Amino acid sequence: MSPRAKAGGGIDLGGTKIQTVIVNRRNEVLGQARAATPRKGGPKAIAAAMAEVLAEAGENAGYATADLTGVGVGSPGDVDAAAGTVSSAKNLSGWSRSFPLAAVLSDELGTPVALGNDVQVATTAEFELGAGRPYDSVLGVFWGTGVGGGIVLDGKDWLGRGAAGEIGHMVVKRGGRRCPCGNRGCMEAYAGRAAMEARARKLAGKGRKTVLFELMEGKGKDRLTSSVWAKAVKQDDKLAVKLIDDAVKALGAAIASAVNLLDIEAVILGGGLGIRFGGLYGPEIERRVGKNLFDAADPPAFRVAELGDLGGAVGAAQLAAR
Ligand SMILES: [Zn+2]
């Protein structure tokens, strides 16, 4: 037994990175670590990397993973929390079939593992600990590799039959651009980082000038991360500015539609791009939302996520018994 106070672990599994934290009972972060999500090897390789990155956070906090009271995981895809499985994680390498993530991780870490939907976990964390604290009903919009959404209504997570909150797949243009989900005209087809990158590559391939890929190589990356987009925008790169502008418009239309349907009190913008660009583009997204609101006289509050990059992992840690 560890002589130290009880602590739990949280893992935020994203399409780009794996973020882990060790937190105490007051949700204070005692240690953290992050690494790129493996892009090859499927669920097994990803699970192995998750265990490794959590162990690293544990080392930083002075805890062996087996001494943790439990570990929570926020995962993309279809999460069956009761069965401990994840399937159809489309932004992850080779992860279409059901994989017993909880059991595999639990074996590796020597402590119980609980799963939740990544975006719902992050939304609940903002609702309980972050920007959503003053409200009873919020919509979380997580602008990153894809665009995820989470809903809290009257203090309760709204999961539908398990797949609620997919704001990225609200149709903003009938017959529009092909989305990574296979359908056409989804908001994510314009605003998701993966879709934006695919579009940028296509246009650059056709001869459109852009510094995006030079910046990417200069940073030693093999994909257009949020920091690459930010730098290109700072340099007034026309293609980057145009694609971000398209993203902002799509986000505005979809968020407004969701607000018209749910009439929540606040919209919380998070995710890698949301946090990085919230200050710069948040007001413009908010303005776009306002233009399409049915009840424009009484718009919801618009907030950038307060828990930052660690929000998903801190939220995931809440899933675990502590
Ligand atoms: Zn879609």
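By convention here, each chain's residues receive numbers from 1 onward along its written sequence. Reporting of local features is limited, given that this is a predicted model, to residues whose pLDDT is at least 70; pairs of side-chain atoms are given and counted only at 80 or more, and all residues count toward the totals for whole chains, interfaces and linings. The basis for every side-chain value is the complete set of non-hydrogen atoms in the structure, without hydrogens or water.

Enquirer: What is the right way to read the environment of Pro-76 from this model?
Expert: A run of H or I in DSSP counts as a helix once it spans at least four residues, and a run of E counts as a strand once it spans at least two, with each numbered from the N terminus. Within the element layout of this structure, Pro-76 appears in the loop between strand 4 (71-75) and strand 5 (78-80). For every residue, the accessible area (1.4 Å probe, protein chains only) is compared with the maximum for its type, and the residue is labelled buried under 20%, exposed over 50%, or partly exposed between those bounds. For Pro-76, a relative accessible area of 15% corresponds to the buried category. Sequence spacing of Pro-76 and Gln-32 is 44 residues, and the spatial spacing of their C-alpha atoms is 20 Å. Here, two residues are considered to be in contact whenever any of their heavy atoms come within 4.5 Å of each other. In contact with Pro-76, other than residues within four places in its own chain, are Leu-13, Val-86, Ala-89, Leu-92 and Asp-118.

Enquirer: Before we go on, may I ask you to explain a positive patch on the surface in this structure?
Expert: Residues enter a patch when their relative accessible area is above 30% and they make no salt bridge; the linking distance is 9 Å between like charges and 5 Å between nonpolar side chains (Val, Leu, Ile, Met, Phe, Trp, Tyr). A 1.4 Å probe and the Shrake-Rupley method give the accessible areas. Residues count as covered only by the protein chains that appear here. Put simply, a salt bridge is a Lys or Arg side-chain nitrogen that is within 4 Å of an Asp or Glu carboxyl oxygen. A residue counts as positive if it is Lys or Arg and as negative if it is Asp or Glu; His and the chain ends are not included. In this description, the location of a charge corresponds to atom NZ of lysine, CZ of arginine, CG of aspartate or CD of glutamate. A surface patch of positive charge is lined by Lys-219, Lys-221, Lys-231, Lys-234 and Arg-276. Residue Arg-276 is classed as partly exposed on the basis of its relative accessible area of 44%.

Enquirer: I tried to follow the coordination of the zinc ion on my own but got confused; where do I start?
Expert: The expected angle between donors at a tetrahedral four-coordinate metal is 109.5 degrees. At an octahedral six-coordinate metal it is 90 or 180 degrees. Around the zinc ion, the protein supplies His-169 (ND1), Cys-179 (SG), Cys-181 (SG) and Cys-186 (SG) as donor atoms, at distances of 2.0 to 2.4 Å. Its 4 donor atoms give the zinc ion angles of 105 to 117 degrees at the centre, a pattern that matches the tetrahedral case. Since its relative accessible area comes to 27%, His-169 is described here as partly exposed. According to the relative accessible area criterion, Cys-179 is buried, its value standing at 4%. Any nitrogen, oxygen or sulfur atom within 2.8 Å of a metal ion counts as a donor, with the limit raised to 3.2 Å for Na, K and Ca, and since water is left out, coordination shells can look unfinished. In these descriptions, tetrahedral denotes four donors with every angle between 85 and 135 degrees, square planar four donors and octahedral six donors with opposite donors over 155 degrees apart and the rest between 65 and 115, and irregular any other case.

Enquirer: Is there a simple way to think about the domain arrangement of the chain in this case?
Expert: Accessible area lost upon the coming together of the parts is a frequently used measure of interface size. For each domain, the first and last residues come from an automatic or database assignment. Here the domain parsing of the chain yields domain 1 (7-121 + 311-321) and domain 2 (134-305). For domain 1 and domain 2, the distance between their C-alpha centres works out to 24 Å. Of the residues lining the interface, 8 residues belong to domain 1; the matching set on domain 2 comes to 15 residues. Accessible surface is computed with a 1.4 Å probe, and the buried area is the amount of it that two parts give up when combined, taken over both parts together. When the two sides are added together, the surface that domain 1 and domain 2 hide from each other amounts to roughly 1,000 Å², 43% of it contributed by carbon and sulfur. Among the residues domain 1 hides against domain 2, the three largest losses belong to Arg-39, Val-119 and Gln-120. Together they make up 55% of the total. Our count for the contact surface shared by domain 1 and domain 2 stands at 1 salt bridge. Put simply, Arg-39 and Asp-222 hold a salt bridge, and the shortest N to O gap is 2.9 Å. Whenever two N or O atoms come within 3.5 Å, that pair is a polar contact, provided that in protein one can donate a hydrogen and the other can accept it, and provided that, for residues adjacent in sequence, both atoms are side-chain atoms. Between domain 1 and domain 2 we count 6 residue pairs in polar contact (both at pLDDT 80 or more) in total.

Enquirer: In this structure, what is going on with the sheet that holds strand 11 (residues 266-270)? I would like to understand it.
Expert: Each strand in a sheet pairs with another by means of backbone hydrogen bonds, the pair being arranged parallel or else antiparallel. Here a strand pair is declared whenever DSSP counts at least two bridges between the two strands. Read from one edge of the open sheet, 5 strands run 10-9-8-11-12, paired in mixed fashion. Looking at the sheet topology across the chains shown, the edges are occupied by strand 10 (156-157) and strand 12 (301-304). Here 5 bridges tie strand 8 (residues 138-143) to strand 11, and the two strands are oriented parallel to one another. Of the residues in strand 11, the one forming a bridge with Leu-139 is Val-267. On top of the sheet, helix 3 (residues 118-129) reaches strand 8, strand 9 (147-153), strand 10 and strand 11; it is set at about 50 degrees to strand 9, its chief contact. Whenever a helix is involved, its axis is fitted only over the stretch in contact; in every case the axis is a line through C-alpha atoms, and angles between N-to-C directions fall within 0 to 180 degrees.

Enquirer: How do you make sense of the packing of helix 5 (residues 193-205) against helix 8 (residues 238-262) when you look at a structure like this?
Expert: Describing two packed helices takes the angle between their axes plus the distance from one axis to the other. With their axes 11 Å apart at the nearest point, helix 5 and helix 8 run at an angle of 145 degrees to one another. Viewed along their axes, helix 5 and helix 8 form a crossing whose handedness is right-handed. Residue-level inspection shows Met-196, Arg-199, Ala-200 and Leu-203 of helix 5 in contact with helix 8, the latter providing Leu-239, Leu-243, Ile-244 and Ala-247. Looking at side-chain class alone, the contact of helix 5 with helix 8 contains 7 nonpolar, no polar and 1 charged residues. By the definition used in this description, the sense in which the near helix is turned from the far one sets the handedness, with an anticlockwise turn below a right angle giving left-handed and a clockwise turn giving right-handed. Classes in brief: Ala, Val, Leu, Ile, Met, Phe, Trp, Tyr, Cys and Pro nonpolar; Asp, Glu, Lys and Arg charged; the others, Gly included, polar.

Enquirer: What exactly am I supposed to notice about the pairing of strand 12 here?
Expert: In regular strands, side chains alternate between the two faces of the sheet. Judged from the 4 bridges that link them, strand 11 and strand 12 form a sheet pairing that is parallel. Its bridge partner lying in strand 12, Leu-269 is registered against Val-304. When the strands point away from the viewer, a crossover counts as right-handed if the route from the first strand across the helix to the second turns clockwise. Between the parallel elements strand 11 and strand 12, the chain passes through helix 9 (residues 272-291) in a crossover that is right-handed.

Enquirer: What am I meant to see in the side chain of Glu-197 here?
Expert: Relative to the helices and strands, Glu-197 is located in helix 5. Beyond its immediate sequence surroundings of up to four residues, Glu-197 is in contact with Phe-213, Asp-222, Arg-223, Leu-224 and Trp-229.

Enquirer: Before we go on, may I ask you to explain the environment of Ala-35 in this structure?
Expert: Considering the arrangement of structural elements, one finds Ala-35 in strand 3 (residues 29-36). Residue Ala-35 is classed as partly exposed on the basis of its relative accessible area, which comes to 27%. Distance from Ala-35 to Gly-207, taken between C-alpha atoms, is 33 Å for residues 172 residues apart in sequence. Look past the residues within four positions of Ala-35 in its chain and what remains in contact with it is Lys-17, Ile-18 and Val-53.

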